[in-house]
Structures are given as C-alpha cells and as structure tokens.
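Spelled out, the chains give:
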Amino acid sequence: MQIVRAALNVPLMRCFDYLLPQRVKAQIGVRVLVPFGTRKLVGVVTELPEQSDFPLEQLKQVIEVLDKQSIFSEPSWKLLNWASNYYHASLGEVLISALPVKLRNGESAVQKSKILWKITALGEQALLSGALKQAKKQIAALQALSQSSLEKSNNEFNSAIWSALKEKQFVEEIEQVVEIKSWQHSLGDLPVAKAENRLTLNKQQALAFTQVLFQQGFAAFLLDGVTGSGKTEIYLQLIEETLKKDKQVLVLVPEIGLTPQTVQRFQSRFNAQIDVLHSNLNDTQRLNVWQRAKTGQSAVVIGTRSALFTQFADLGLIILDEEHDSSFKQQDGWRYHARDLAVVYAKQLDIPVLMGSATPSLESLNNVNLGKYQHILLSKRAGNALMVECQLIDLKKQNVINGLSVALLKKIEDHLQKGNQVLLFLNRRGFAPVLLCHECGWIADCQHCDKPLTYHQHQRVMRCHHCASQRPIPRQCAKCGSTNLVTTGQGTEQLEQTLQQRFPQYGITRIDRDSTARKGKLESHLNDIQQGKSQILIGTQMLAKGHHFPNVTLVALINVDSGLFSLDFRAEERLAQLYVQVAGRAGRAEKQGEVVLQTHYPEHPLLQRLLQEGYNAFAVDALHMRQVMGLPPFSSQALFKAQSRNSIEAEQCLQQIADYFQQWKLAQNQPHLQILGAMPAPFAKKADQFRWQLLLQHENRAILQQALRDFDQQEIEKSWQVRLNLDVDPQDL
Ligand code: ADP
Ligand code: ZN
Ligand code: ZN
C-alpha cells in the first residue's frame, strides 16, 4: 500500500498520512481530495513516505488524486516551503492559499476548453429587424456577439441578460478547445515593445538601467529615486530587455498603486501579452491568469502582494514598486512580507529583483549598508518638472479655523486665484473623530471596541472605524442628560464644509472611503479633478499615491502631529514617507509646486531634518536611533497575538508562552532574548474581542528563529479558548 503525506489547509503544523487506492499514482505536489473528520478537504502531497507513524489500518484512503503532475513549479514549491518554515505557518495553509480559489476547491488545473457565447441566425435576424427594441442591454450584448464570440465567464454582461437571450434562442453556448500559445508565438512578427512610446533615458536613468541590465544572475537593487525621477520608465525598458531574452517579468505594486493609469502605462508600451491581477477579477479570471503565466502565455504579470505566488514558465526579472509600502505585508491568515519573499524568490531563481521607492524603508536602506542590496540613486526629476518648496506652519502662533490656519487659508486663496488646484491631505474621514458632552466630558464610544465613534454628518450616523458598527447620533449625553454635545477634531467632511463656506466660488472634490464607496465614484471624482471642474481637492491616504494632477501647485498636510508622538516606533518613518509621497503630487508639470505642513511642533528634529535635507538625511538619523535602541532592522522581532472574548484567557495564554520562552532562554543560555509581555495590544478591544500580545526580540535573527522552531504552538493552543497567531517581522506593534 502506498502512503501519501498531505498538507491540509488547517491551522495545524503537521501533515496527514493517507493511503492511495490500488493502481492510483500520485507525485509530490499534486492535489488530493481526502476525508478529514466529517469533511472532505483538498490537500497537497508533500511526501511519499515508506511508513507512517500511525498503524496502517488507522489511515483513511485518498478519495481522489486531482492532478497528474505537481501543480507547483519547482521554484514556487521551494519558495512556499521556505516561507512556511520562516513564518512558522502551516505548510498546508501556505501551499493552498497560494493557489487560485478554483484550484483550492479542487477544480481542474489544466486549461482544456472554454465555453463561449455565439450569436445564432435567429439572433442575427433579431438585430436586423429591431425585434429587441426595449431591451437595450440585450441588444448591446447581441451587437458585441455579432463582432466576435465572448467567453461565458469573462464578459461585461451579466448572466440575466444571457439567460434572456438564450431563452429566445438568439445565442448559444459553444465549447472551444484552448490552444496554448506562448506569448512569443502570439506576438508573431511584432516587436515586444512599441518603440515610439519609449523615452530617451537621461544620464542617471541610463546608469541605473545598465547596472541592472548587465547583472548576471541574482542581485537585489534598491532604486532610490525621488518622485518623478523616471523609475517607471526604467522598469519599462528593463522589462523590454528581459522579454527580448524570452523571459517573463513579474511586477508587484502596492494595493492603491494598481490604478487604471498605471496599468495603461504598461499596456501602451508593449505588444507582448500583459496580465493584471486586480481585486475585481472573478475566480475564473484569476484562474486564467494563473494558467496563462504558468504555461508561458503571458509575458508580464502585474499584481499586488499575492501575485508573488503566480507561477511562471520562465521568470527573468522581478520588479517591486514602492517597496516601502505597508500593503506588501499580509496582515491576516499566514503573515508574510512580499518584499522579503520576493528577494528570497529571486535568489532561488538566480535572477535580479529591482525594488523602487522615493522613500525606501529603513530595512532596505540597512540592507544597502550591509552590502546585501545594491543602491541606485536617482536624485533628479526626469523631464522638466521643478522641485517643490516646503514650509512649516506653526499652529501655536496662528488663528485656526476648524483645523485650518489663517496662513494656510491665505496660501490656498493665492493658488486658487492663479487658476491652479490645491490638494489638502487629512488622513481621517468623517466629520469629527470625537463627539463629547460639553457639560461632563462623556464621550460617545463604541461598546465593542471602547474607542470613540466618528461623527459622520453627511450620513447622519456615528460610526466605529475599528469594527464598522454604527449608531444613531445621540441627542443627549448618556451620563448627565445634557443636550450640549460638541465635536472635537476634524475629519475630511468638516474640512470640505469649512472650505465650501470660505471659497464658495470654487468646486471641491473630496476623496475618501465614504465618498468613493459606490462603484464608479472614484473614477468620476478623479475625472472632475483632471478636467478642472474642481479646484480644491481633499483626500485621505487614497490620494497620496499613484495619481497625477498636473495643475496641483499647493499641497497641504493638515495635521502631522500624531505621527511625531506615536507609540509605534515606525510612525516617524511612515510620516516621513507620507510627506514625501504627498509632496510628490505638487508641481509635477512645469508649474512650481509648494508644500505646507501644519504642526504644533515645528522645531521637532525629524521635521527639520526632513524638510531641510530630505528623506535620505532623515533616514540616516532614524536608522541611527533604531540602532541605539536596538530596534529593527538592528534586531528581529516576532509577535504573538491572542484574542478572546475573555480577556483573562488571552492574557494567561500569552503568559504561559512567555514562561516557556523564559525557560528556553535559561536552558539555551540566551540572555539576549527579550520577552516583552503579555501586555494589552494597542487596540486592546476590537469587535468585542480582547486583544493581548507578546513580543520577542533578539539581535540575531537565527537565534530568534531557533526559539520559535523549538516552541510548540499547538500544544499551548489546546488548553485555551483563544485565537492565537504569530507574526514574524511584524510591521505594526
Ligand atoms: P517615477 O516612477 O520615478 O515617479 P515616472 O517614471 O512616472 O517617475 O516619470 C515621471 C515623469 O517624467 C513622467 O511623466 C515620465 O513620462 C517623464 N519621464 C521619465 N523619464 C523621462 C525621460 N528620460 N525623458 C523625458 N521624460 C521622462
Ligand atoms: Zn454629560
Ligand atoms: Zn467598534
């Protein structure tokens, strides 16, 4: 009897043994359908062991072997195994979550055929005779079909339209065998790139380009270039060179970086097939991209962090744009950092990886200092855009109207009068973050999170930004009954209202999660800005990146003080990055731009350094501080998080883990292992769950890894009613 060992998507670290039915074969890396308790699960075969730790008669049989060959390419398999080991995540969870949903559910991994809608003779007649004169969408669908057949699970018309048309026998389904053509074959005689759109690189760009181009095998490059220095142009030309060598390219971008503008810029450059993995693809479309990359039908795949798990026939280059962006860190399920994994992957594949940013993470700058990454600096803006001027406004010395200083209002007026646009940045949506009683100080807070509810004036509701619960706006204080309730602090809605009153003659566009919740709203707002229908733009983080507003000449950060005095040691780095990103929105065309920061602490050394000498000087200081304090990247961290409806359970569970590591420390003679906690998490309660954490830190990554390997999480988890997870290299403390 052949035994197979399968990794299952369950939060247990071990694999499970099954027996193969007679005459059925399986290889490592194939999916199997197996019984698990009362369920059937899809697992992945990781070993074909000679014997099991369990008696054979206890082993259950595999129900079905789903693949003929491993569905993981050799490099992906290696990467995922490495990741499971490093992040201490269950191999089954890592392997299965790397697959498109359809494959996780056991569907076929081989592209055999696809179902198409085809117009029938009756349908053609109906179009000509105008038989469908009321049903506009059905006509549109028929018209599209009269041009060419459409893929059933991948078209712009919804299924109700198709059912209606099928009922009338105007359309029929046909099955088409999928022909697998490599991207080179599909390209035919066309060149990979459209030369007419290529720009001539300036000197700095050309140096950067050749440094990467002449790299043989693995190297990690940090392309450290100010916003507008032409990093994207370098990416495009390197992609072209890689394609000319018949190799594929993977481009990873942050979540908010995957805008239609970005995709368009890539697509308009190449004749070769580009596939984009964005969040609104359906499962069929995702599976298609996965298959196309794996079989060499796509030349370039662009996507967010999880696109790293796309498999390629022959990958030649990885590009990771905005490498400092926090969206590269997966924050739930098994937690990984796509940037760090991309470097591991490139090393395993022996290919270059290029990481770009105007504001590199301190981790990456440290890797440059250590000689692990090669540093490429682009200090000038490409084209003829001018550098921006920066200024601090001291709020202590100003009259402030709803968060806006008189000095800033004056500047706004100046820029508007010159016919330019202004962008005001405030990372807080809603009208006000707090509603309180003027008589007794009572605060309207969320009972599930113990945090203030945000006052949303427009939607007339109080909303919790942590758990999304909402309540009607109270008319009276719950404690003293007073009706004298007031807001404090400002959100984007309030900013909009204040500016409307002050500048009634100008159009205002506000972009935040509330104003863009409905489909198509973001696009229409962006359109209003591009066409100059509005002159005042108000936005949260959503507006900080990726968009080009050539007529914006003034950018203001309304309040930066929270970034200066946070408990999180990364807050200053994030503020500096945000400042540079936002500043990059100003004066991108030929117009001189100006950036203004409002603060109560203009003398703060970080702000001074940042404004006077720029991000890189700031980074030198900040890295020095981290070193003095023994914080990452000069040490490694791992964070255990426990949550439970019962606060004591969560605390005691972590305390038991802390005790374990205390003993480990003594037994292994590792006095430098720091064990901090158990302590309440920064958000100690969220959605009725109490949250506790335990931080481990050691200057030596290998020793921390050893400690984690020796620890048996499942053993502890068994005895507590908690949700426990481990975050290796956490980004948020
Ligand atoms: P980044 O990605 O570094 O922010 P981009 O690649 O978007 O910069 O370039 C900024 C602007 O400069 C774009 O409008 C781009 O078309 C232009 N640009 C880039 N490289 C060149 C060049 N070599 N010559 C002229 N214009 C350039
Ligand atoms: Zn009160
Ligand atoms: Zn809440």
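Let me sum up the structure you'll find in this document. (Residues numbered from 1 in each chain as written. Chains lettered and ligands numbered in written order. Predicted model: local features only at pLDDT ≥ 70, side-chain atom pairs only at ≥ 80, totals over all residues. Heavy atoms only, no water.)

Remarks on the overall build of the chain
Next, step 1: When its secondary structure is counted, the chain shows 23 helices and 32 strands.
Next, step 2: The C-alpha radius of gyration of the chain comes to 28 Å, within 12% of the 27 Å expected for a compact globule of 733 residues.
Next, step 3: The C-alpha extent of the chain, read off along each of the three principal axes, is 85 × 80 × 60 Å.
Next, step 4: Across the chain, the fraction of contacts at a sequence separation of at least 24, relative to all contacts at a separation of at least 6, is 74%.
Next, step 5: Counting only carbon and sulfur atoms, one obtains 49% of the accessible surface of the chain, whose full area is about 34,600 Å². (Helix = DSSP H or I, 4+ residues; strand = E, 2+ residues; numbered from the N terminus. Rg over C-alpha atoms; globule rule 2.2 N^0.38 Å. Contact = heavy atoms within 4.5 Å. Areas by Shrake-Rupley, 256 points an atom, 1.4 Å probe, with all protein chains shown as cover.)

Observations concerning the side chain of His-88
Next, step 1: Its location among the elements puts His-88 in the loop between helix H1 (74-86) and helix H2 (91-97).
Next, step 2: Polar contacts involving the side chain of His-88 include one to the side chain of Gln-705, which spans 2.9 Å.
Next, step 3: In contact with His-88, not counting residues within four places along its chain, are Met-13, Ala-83, Gln-705, Leu-708, Arg-709, Leu-726 and Val-728. (Polar contact = N/O pair within 3.5 Å; in protein donor to acceptor, adjacent residues only side chain to side chain.)

Quick look at the pattern of salt bridges
Next, step 1: The full count for this structure, using the stated rule, is 36 salt bridges.
Next, step 2: Its salt-bridge partner being Glu-715, residue Lys-718 comes within 3.3 Å of it at the nearest N-O pair.
Next, step 3: What makes Glu-715 partly exposed here is its relative accessible area of 45%. (Salt bridge = Lys/Arg side-chain N within 4 Å of Asp/Glu carboxyl O. Buried < 20%, exposed > 50% of the residue type's maximum accessible area, 1.4 Å probe, protein only.)

Regarding the sheet that holds strand S21 (residues 454-456)
Next, step 1: Judged by pairing direction, the sheet is antiparallel, and its three strands sit side by side in the order S21-S22-S23 without closing on themselves. The sheet terminates laterally at S21 and strand S23 (470-471), the two strands that pair on one side only.
Next, step 2: With two bridges connecting them, strand S22 (residues 461-463) and S23 associate as antiparallel partners. Looking across to S23, one finds that Arg-463 is bridged to Gln-470. (Pairing = 2+ DSSP bridges.)

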